[in-house]
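Survey of secondary and tertiary structure
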Amino acid sequence: GLGPRRGDRDGELVGQLEVGLELLGLDEQRLLERVDYTNLKGDPFTPPRWQLLMHIFNHATYPRGQLVTIMHQLELNEVPNTDMVNYQRSLMTRT
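What you are looking at is a predicted structure, and each value in this text was computed from that prediction instead of being measured.

What to know about the pattern of salt bridges
Taken as a whole and judged by the stated rule, the model has two salt bridges. Among the ionic pairs, Arg-30 bridges to Glu-33, the shortest N-O distance being 3.6 Å. Judged by relative accessible area, Arg-30 falls into the partly exposed class, the value being 33%. Here Glu-33 and Arg-49 are joined by a salt bridge, their closest N and O atoms 2.7 Å apart. With Glu-33 in the loop between α2 (28–32) and β1 (37–38) and Arg-49 in helix α3 (residues 49–73), this pair connects stretches of sequence that are 16 residues apart.

A closer look at a nonpolar patch on the surface
Together, Leu-17, Leu-32, Trp-50, Met-54, Ile-56 and Phe-57 make up an exposed nonpolar region whose accessible area comes to about 610 Å². Ranked by residues supplied to the nonpolar patch, first place goes to α3 with four residues. Relative to the elements of secondary structure, Phe-57 occurs in helix α3.

Remarks on the side chain of Arg-49
By relative accessible area, which is 19% here, Arg-49 ends up buried. Not counting residues up to four positions away in its chain, the partners in contact with Arg-49 are Leu-26, Arg-30, Leu-31, Glu-33 and Val-35.

Cut-offs used in this document
- Residues numbered from 1 in each chain as written.
- Predicted model: local features only at pLDDT ≥ 70, side-chain atom pairs only at ≥ 80, totals over all residues.
- Heavy atoms only, no water.
- Salt bridge = Lys/Arg side-chain N within 4 Å of Asp/Glu carboxyl O.
- Buried < 20%, exposed > 50% of the residue type's maximum accessible area, 1.4 Å probe, protein only.
- Helix = DSSP H or I, 4+ residues; strand = E, 2+ residues; numbered from the N terminus.
- Patch = residues over 30% accessible without salt bridge, like charges linked within 9 Å, V, L, I, M, F, W, Y side chains within 5 Å.
- Areas by Shrake-Rupley, 256 points an atom, 1.4 Å probe, with all protein chains shown as cover.
- Contact = heavy atoms within 4.5 Å.

Below, the structure written as structure tokens:
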């Protein structure tokens, strides 16, 4: 066929997320715990931990998307892989 069905990909992503959360020691209870912090302006916040993680994930993906868009606009045909793990692996092969 034309690759995995949408449902299969969704299930795979959920599985990867569950493994990642387990590696971090984050079960449902820990994800729902509230975290106290203040922003750079000194404003206090107490969101659930899962919201902070989603915020971090969003920040991680946004610049990558911008980079790829700019490269396509510049008609650069070979867009490099922007995954952090691939970058880290490339550093390991240089030593």
